[in-house]
Amino acid sequence: MAQVSITVNGRRRTAEVEPRLLLVHFLREHLDLTGTHVGCDTSQCGACTVLVDGRSAKSCTIFAVQADGSEVTTIEGLAKGDDLHPLQDGFWEEHGLQCGYCTPGMIMSSVNLLEDNPSPTEAQIREGLDGNFCRCTGYQHIVNAVQNAAARRSS
Amino acid sequence: MIPSAFDYERATSVDDAVARLAAAGGAGKLIAGGHSLVPLMKLRLNEPGTLIDIARIPELAGVREVDGAIEIGAGTVHHAVATSDLLRARCPVVAETAATIGDPQVRNRGTLGGSIAHADPAADYPATLLALDAEVRIQGPRGARTVAARDFFQDLFTVDLAGDELITAVRFAPVRTAAYAKLYQRASRFAIVGVAAALDVAGGTVRSARLGLTGALSHAVRLTAVEEALAGRPADADSVAAEAARAGDGLSDLNADIHAGADYRRAMVGVFAQRALRAALARG
Ligand SMILES: Cc1cc2nc3c(=O)[nH]c(=O)nc-3n(C[C@H](O)[C@H](O)[C@H](O)COP(=O)(O)OP(=O)(O)OC[C@H]3O[C@@H](n4cnc5c(N)ncnc54)[C@H](O)[C@@H]3O)c2cc1C
Ligand code: FES
Ligand code: FES
């Protein structure tokens, strides 16, 4: 067993874990933060995307011990009280989801994208979401949602 | 998918990592970004007894200038390479190569050292390091050593690196007139074929050319026949491209899989060699 101490959504969480425990399982099963999903479990789909020290990462491809000492942000950490994050508002306004399975990962990747490039073109949004698959929407509404959020942020 | 159990240690310096590898004997395995290793461990294709984490060793990360050459620390993540101002100005082909790898999440975690140690036949960096005639810097219990990229990549997932050694950096003389062209496998983004070309152009003539190929064979190689054909030719895009059109002809044992058969790959070697050369000349 190994001790990990990870600051998740601003709260320091310490636990004894097996080194082989994946970060996504630490979040979902130890901390009950089930907003982060497991889609493929093979590093492809991005449903498990969270921010590790401010950068988007697939939490199914990181052991919790690797994140010891890091700051992790999940979808649960974006809203401030009742105030949704601009990306959450954007996905709401533009119908950026159908079943919602991919949505937390899409939003966390979009946070990273808008951090790097606050006013991306449509092509840049599609490239920025290369690591996230959606089986429902056909992506156009997701692109619209990110554009909506970019506009909200800049106004 | 749950990997087999293992012990986890975090190394604080290169020397510490080498000492920990030695102490773990054959059971020790380095982990950097984990974006090749963790998927293999989940499939239990790799079952290390002790994982030694090198991701937070400060001296392994960063792009810097050393004696007129550029050195990239083995622990530098793909995103940092793709966005390096030094590389974009002095040797854009390396930043361009890193930007084609996987997706943003993969580029935020995966490292140069991990990519070349793993040596996937479809990995991107090997082509570019071959075209730049880069050297790979290695540290181990017997001290430091340097290997030329063309000797480093030896076979399928096989490189000149012992189990108790660690890659610390790659180093190369920057070339502006160099470019990387890649045929993407649409889902994974790995290279079906990738060609990097680096040209030395003077007075309207190609003085020398180096081309690195990935994706087509068991490991990345130099396209020496094309290099020889190009030396001394006029540095205009059409004549350079014409020399490269048949770049795939002399290759044997091409890879074939569900994404592309051997004949298609052979044809694409020529196409992407031409694209890389045209793009390299356009940077002149
Ligand atoms: C979805 C997905 C898409 C991808 N697409 C691409 C792509 O398009 N192109 C591409 O090139 N790659 C691609 N990759 C692979 C990616 O670039 C990996 O990050 C890279 O191959 C390995 O780097 P790492 O730091 O993650 O290494 P790790 O997984 O940590 O390690 C890989 C191997 O290298 C060894 N190692 C690591 N660092 C060192 C070192 N400094 N010295 C000695 N040995 C070391 C480890 O022991 C291990 O054997 C993709 C990966 C994923 C998951
Ligand atoms: S669940 Fe992590 S990438 Fe699909
Ligand atoms: S909304 Fe269903 S997978 Fe994207």
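In terms of regular secondary structure, chain B is built from 12 helices and 14 strands. Whereas a compact globule of 284 residues would reach a radius of gyration of roughly 19 Å, chain B reaches 19 Å, a difference of no more than 12%. Seen through its principal axes, chain B has C-alpha atoms that stretch 55 × 45 × 35 Å. Out of the 284 residues in chain B, the part that is buried amounts to 52%. For chain B, the proportion of contacts with a sequence separation of at least 24, taken over those separated by at least 6, is 61%. Side-chain charges of chain B comprise 30 positive and 32 negative groups, with the mean position of each set lying 5 Å from the other.

Let us now look at the sheet that holds strand β5 (residues 69-73) of chain B. All names here are of chain B. What the 5 strands build is an open sheet, ordered β4-β5-β10-β6-β7; its pairing is antiparallel. Edge positions in the open sheet fall to β4 (63-66) and β7 (143-148), since each of these has one partner strand only. Between one strand and the next, the sheet's axes are offset by a mean angle of 25 degrees, whatever the strand orientation. Relative to β5, β4 is paired through 4 bridges, and the arrangement is antiparallel. The residue of β5 that forms the bridge with Val63 is Ile72.

In this section: the site of ligand 1. By nearness alone, 32 residues border ligand 1, and Leu30(B), His35(B), Leu37(B), Thr111(B) and Asp124(B) come closest of all. Around ligand 1, the neighbouring residues derive from chains A and B rather than from a single chain. The separation between an oxygen atom of ligand 1 and a polar main-chain atom of Ala32(B) is 2.8 Å. His35(B) is positioned such that a nitrogen or oxygen atom in its backbone is 2.7 Å from an oxygen atom of ligand 1. The set of elements that each furnish at least two residues to the shell around ligand 1 consists of β2 (28-31), α7 (112-118) and β10 (166-172) of chain B. Element by element, the count of residues in the shell around ligand 1 is highest for α7(B), at 5 residues.

Looking now at helix α11 (residues 237-244) of chain B. Residue and element names in this part refer to chain B. Along α11, the positions that sit buried rather than exposed are Val240, Ala241 and Ala244. Projected down its long axis, α11 carries its buried residues within an arc of 100 degrees, all on one side. Turned more than 90 degrees away from the buried face of α11, the exposed residues are Asp238 and Ala242. On its buried face, α11 is in contact with β13 (205-214), α10 (224-230) and α12 (262-282).

Bringing the interface of chain A and chain B into the picture now. Contact residues are listed per partner, giving 34 residues for chain A and 32 residues for chain B. Across the chain A to chain B interface the summed buried area is about 2,400 Å²; carbon plus sulfur atoms make up 52%. It is Arg20(A), Phe63(A) and Gln66(A) in chain A that bury the most area against chain B; as a group they hold 27% of the surface buried on that side. Where Asp103(B) meets Lys58(A), a salt bridge forms, and the shortest distance between an N and an O atom there is 2.6 Å. Linking chain A with chain B are 21 residue pairs in polar contact (both at pLDDT 80 or more). For the side of chain A that touches chain B, the elements supplying multiple residues, two or more each, are β3 (49-52), β4 (55-58), α3 (103-116) and α4 (122-128) of chain A. Looking at the side of chain A that touches chain B, the element that brings in the most residues is β4(A), giving 4 residues.

It is worth spelling out the environment of Ala99(B) at this point. Residue and element names in this part refer to chain B. Tracing the chain through its elements places Ala99 in helix α5 (residues 92-99). The class of Ala99 is partly exposed, set by a relative accessible area of 39%. With 25 residues separating them along the chain, Ala99 and Asp124 place their C-alpha atoms 9.9 Å apart.

Residues and elements named next belong to chain A. Within helix α2 (residues 86-93), burial applies to Leu87, Gln88, Gly90 and Phe91. All buried residues of α2 fall inside an arc of 160 degrees around its axis, so they share one side. Against α3 and α5 (140-154) lie the buried residues of α2. The first or second residue beyond α2 is His95, which carries a positive phi of 55 degrees.

Here the focus is a nonpolar patch on the surface. Residues and elements named next belong to chain B. Taken together, the side chains of Met1, Leu43 and Leu45 make up a nonpolar region of the molecular surface, amounting to roughly 310 Å² of accessible area. Counting through the fold element by element, Leu45 comes out in the loop between α2 (37-42) and β3 (50-53). Note on Leu45: relative accessible area 63%, which makes it exposed.

Turning our attention to the pattern of salt bridges. Residue and element names in this part refer to chain B. Scanning the entire structure with this criterion turns up 28 salt bridges over all chains. As a salt-bridge pair, Arg207 and Asp200 come within 3.7 Å of each other at their nearest N and O atoms. Accessibility expressed as a relative area gives 31% for Asp200, which makes it partly exposed. Close ionic contact of Glu243 with Arg233 constitutes a salt bridge, the shortest N to O distance being 2.9 Å. Taken together, the residues Glu243 in helix α11 and Arg233 in the loop between α10 and α11 connect sequence positions 10 residues apart.

Right, let's talk about the packing of aromatic side chains for a bit. Residue and element names in this part refer to chain B. The full count for this structure, using the stated rule, is 2 aromatic pairs over all chains. Between Phe152 and Phe153, the ring centres sit 5.2 Å apart and the planes meet at 85 degrees, which makes this aromatic pair edge-to-face. According to the relative accessible area criterion, Phe152 is buried, its value standing at 0%. Looking at Arg189, its charged tip hangs above the ring of Tyr184, at a distance of 4.3 Å from the centre. Seen from the ring of Phe272, Arg275 lies directly overhead, with NZ or CZ sitting 4.6 Å from the centre.

Parameters and conventions
- Residues numbered from 1 in each chain as written.
- Chains lettered and ligands numbered in written order.
- Predicted model: local features only at pLDDT ≥ 70, side-chain atom pairs only at ≥ 80, totals over all residues.
- Heavy atoms only, no water.
- Helix = DSSP H or I, 4+ residues; strand = E, 2+ residues; numbered from the N terminus.
- Rg over C-alpha atoms; globule rule 2.2 N^0.38 Å.
- Buried < 20%, exposed > 50% of the residue type's maximum accessible area, 1.4 Å probe, protein only.
- Contact = heavy atoms within 4.5 Å.
- Lys, Arg positive; Asp, Glu negative; His and termini not counted.
- Charge placed at Lys NZ, Arg CZ, Asp CG, Glu CD.
- Pairing = 2+ DSSP bridges.
- Axes fitted to C-alpha atoms, helices over the stretch in contact; angles between N-to-C directions.
- Near = heavy atom within 4 Å.
- Polar contact = N/O pair within 3.5 Å; in protein donor to acceptor, adjacent residues only side chain to side chain.
- Arc of directions from axis to C-beta.
- Buried area = accessible area lost by both parts, 1.4 Å probe.
- Salt bridge = Lys/Arg side-chain N within 4 Å of Asp/Glu carboxyl O.
- Patch = residues over 30% accessible without salt bridge, like charges linked within 9 Å, V, L, I, M, F, W, Y side chains within 5 Å.
- Areas by Shrake-Rupley, 256 points an atom, 1.4 Å probe, with all protein chains shown as cover.
- Phe/Tyr/Trp six-rings, centres within 6.5 Å; stacked < 30°, edge-to-face > 60°.
- Lys NZ or Arg CZ within 6 Å of the ring centre and 35° of its normal.

Distances and angles like these do not, on their own, reveal function.
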